[in-house]
Amino acid sequence: MASDSGDNNMDREMILADFQACTGIDNIAEAITLLELNNWDLVAAINGVIPQENGILQSNFSSEASQANLYGPLNQSEAADAAAGGVAPPPSSSSSSSSPPSSSTSAFCPIVPSRHIVERQPRMLNFMVEYRQRSVELVLEEGSTVGEIKQILETELGVPASKMQLKGWKSGDVPDITVLRSLHLPKNNSLYVLTPDITPTASTSKNSALQESLNQNFLLVISHHEAQRDYSLNFPGSRTIQEVKRNVSDLTNIPVRHQQWEGWPVSASDDSMTLAVSGISYPCHHLSVCRRSSPANAQEPTEECADVHMISDSEGDDFEDASEFGVDDSEMFGMGSSTCRKSPMMPENSENEGDALLHFTAEFSSRYGDTHPMFFIGSLEAASQEAFYGKARDRKLLAIYLHNDDSVLSNVFCSQMMCADSIVSYLSQNFITWAWDVTKEANKARLLTICTRHFGSVVAQTIRTYKTDQFPLLLIVMGKRTSNEVLNVIQGNTTVDELMMRLMGAMEIFTAQQQEDIKDEDEREAREMVKREQDEAYRLSLEADRKKREAQEREEAEQVRLQQMRKEQEEEKEAIRLSLEQALPPEPDEEAGEQISKLRIRTPSGEFLERRFLGSCKLQVLFDFVASKGYPSDEFKLLTTFPRKNITQLDPGSTLLEAKLFPQETLFLEAKE
């Protein structure tokens, strides 16, 4: 019975590792939850996270057959038995251990035959969004964007989307145009809203600390006594104690009701409590678990479990790399007891590559001293950007150091080669050095996924073929125009001189390529400079033409305006002239009985205007007559010949007789100055 339980536990661990390698989900708790929702059916769980473009792959086999096929193909007799009985045979340990993985078959993603394609329905994602004292549940298709979530929250919370910061994404802050499918989210997600531009009220300030704790990640280091190993699990603060126990049940095969725990705080009295309010230590808390014994023997196992818990709290990862017989490498080589074992170079399930590299650098310094290469702190993608995608003169080679504590060469390589002054100086000047620890299978699977994404499957397959005793490895990678090329793979069984020669050989190849890149870049910059100068000259020419055209248009518009004004003035004058002409009294006859004054007026052009007026007519009638002929009194003055007198200065209401313009008179017009 115990053997079946152990086999089942081992199968689940392998399914978990394969699932993480295929999906890229590094959080063990999340991966276990997804597998549990699919009854540990690997194919169904993968399809749930990464659906195919034209449909979801459905397996015709049972879950036992799918798991059995993970270990290799069936022989003829086993295939016949499986076809007759419908039950897959158990995996063969000899074939799985001796047969190398096929080059056409991924070591992490098993191929399940006899699948048919069905129509794929849109995948729905659940979101629980927390804002101060409110919680909003959302369900959206994975084709939606982050901005659509904010629009819905704006309606629900009454907070403008422009002032809203949506936090809780695993990849950090994401823009509003990001499609949810590109984030590879699980089905259930927890987010929270921050509004730094909106001052919180006094009633909500108390809950800000609790809200922050709910969104923090807690690292639980759980020591399993019977298996003599530790599990490092990351859980969000919103996860309950009951959910943690269920996940541990999947890993240890101990039902929740049979679990006996040590290390929970006194305040964690209710399994429905979240980790944020349970009182556990942040960011890391140590626990131990074992199977609860029968009442007759409860005392002794309980004390034993308590001892295990005490060891876990004080010594961290004592059982991290325990061998099958409970003896580690240091004991075999007489280097100390298991109580002096070193902590791992890198946490097993660190969500952030930068944090993992910080831990790696600190542990490397504590083991081998401060004289070591300067490891790049950040993701492999960021290291590639730093090394390959700057200016050609600033580019460097990328050195990827892969460490494995299980290899007997690791200590010698690190202390003798990696910490040698010549190697440290040469790497610092010419290389960007990025490191990773592949001691843990989860970390190794994550590295293979990263390498496949950045360098292709060939590099990942190359790393996979190296055995443990061939580590550590130093990969020398050179960036090229179209792809990245691995120039050299240096194994741990080398000397300082050989290592330096291989580094210098890689630098010679890189320098030749760099000179070509510098030449091409200089020529390209020269062409771009000429083009920029031509574009600037063309722009200035267009600007000058535009200003000239605008000035000409303004001048033409001014001329049109002046012409229009002159035309309007002339029309106005003509209208006044016509009205004055029509208002003039009729010209009297010479034989009329009244006194007649005959006036002769010379114009500036030399022409004469003649007309008869009654002696009783006002001077205004004379002025209107002259204006009707185009000589208004405001522009011209009417003068007598002798003595010279300006008639326009006289009272317009006086008569011609009073002005002594009787019986006849010669006048002339003169323009006013």
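Presented here is a report on the structure given in the accompanying data block.

## Concerning helix α14 (residues 410-418)
- Burial in α14 covers these residues: S410, F413, C414, M417 and M418. For α14, the angular spread of the buried residues around the axis is 110°, confining them to a single face.
- Buried residues in α14 make contact with α12 (353-368), β11 (397-403), α15 (421-430) and α18 (496-583).

## A word on the nonpolar core
- Membership of the largest hydrophobic core comes to 58 residues, with the highest contact counts inside it found for F364, L398, W434 and L503.
- Setting aside residues no more than four positions away along its own chain, F364 makes contact with M345, G369, H372, F375, Y401, C414, M418 and C419.
- Listed in part, the 33 residues of the second largest apolar core include L16, I46, L220 and L287.

## A look at the pairing of β11
- With 7 of 7 residues buried, β11 lies mostly within the body of the structure.
- Judged by which residues are buried, β11 turns out to be covered on both faces: L397, A399, Y401 and H403 on one side and L398, I400 and L402 on the other are all buried.
- As judged from the 5 bridges shared by β11 and strand β13 (residues 473-479), these two strands associate in the antiparallel manner. Paired with A399 across the strands is I476, a residue of β13.

## A closer look at the side chain of N27
- When you line up the elements, N27 lands in the loop between α1 (2-23) and α2 (28-37).
- Within the structure, N27 has its side chain in polar contact with the backbone nitrogen of A29 (distance 3.0 Å).
- Setting aside anything within four residues of it in sequence, one finds N27 in contact with Q20, K170, N234 and E351.

## A few points about the environment of T195
- Relative to the elements of secondary structure, T195 occurs in the loop between β6 (188-194) and α8 (202-214).
- On the basis of relative accessibility, which here comes to 8%, the residue T195 falls in the buried class.
- Sequence spacing of T195 and S162 is 33 residues, and the spatial spacing of their C-alpha atoms is 9.6 Å.
- The contacts of T195, once residues within four sequence positions are left out, are Y131, R132, V159, K163 and M164.
- Only 3.2 Å separates the side chain of T195 from the side chain of Y131, close enough to count as a polar contact.

What counts as what
- Residues numbered from 1 in each chain as written.
- Predicted model: local features only at pLDDT ≥ 70, side-chain atom pairs only at ≥ 80, totals over all residues.
- Heavy atoms only, no water.
- Buried < 20%, exposed > 50% of the residue type's maximum accessible area, 1.4 Å probe, protein only.
- Helix = DSSP H or I, 4+ residues; strand = E, 2+ residues; numbered from the N terminus.
- Arc of directions from axis to C-beta.
- Contact = heavy atoms within 4.5 Å.
- Core = buried A, V, L, I, M, F, W, Y, C linked by side-chain atoms within 4.5 Å.
- Pairing = 2+ DSSP bridges.
- Polar contact = N/O pair within 3.5 Å; in protein donor to acceptor, adjacent residues only side chain to side chain.

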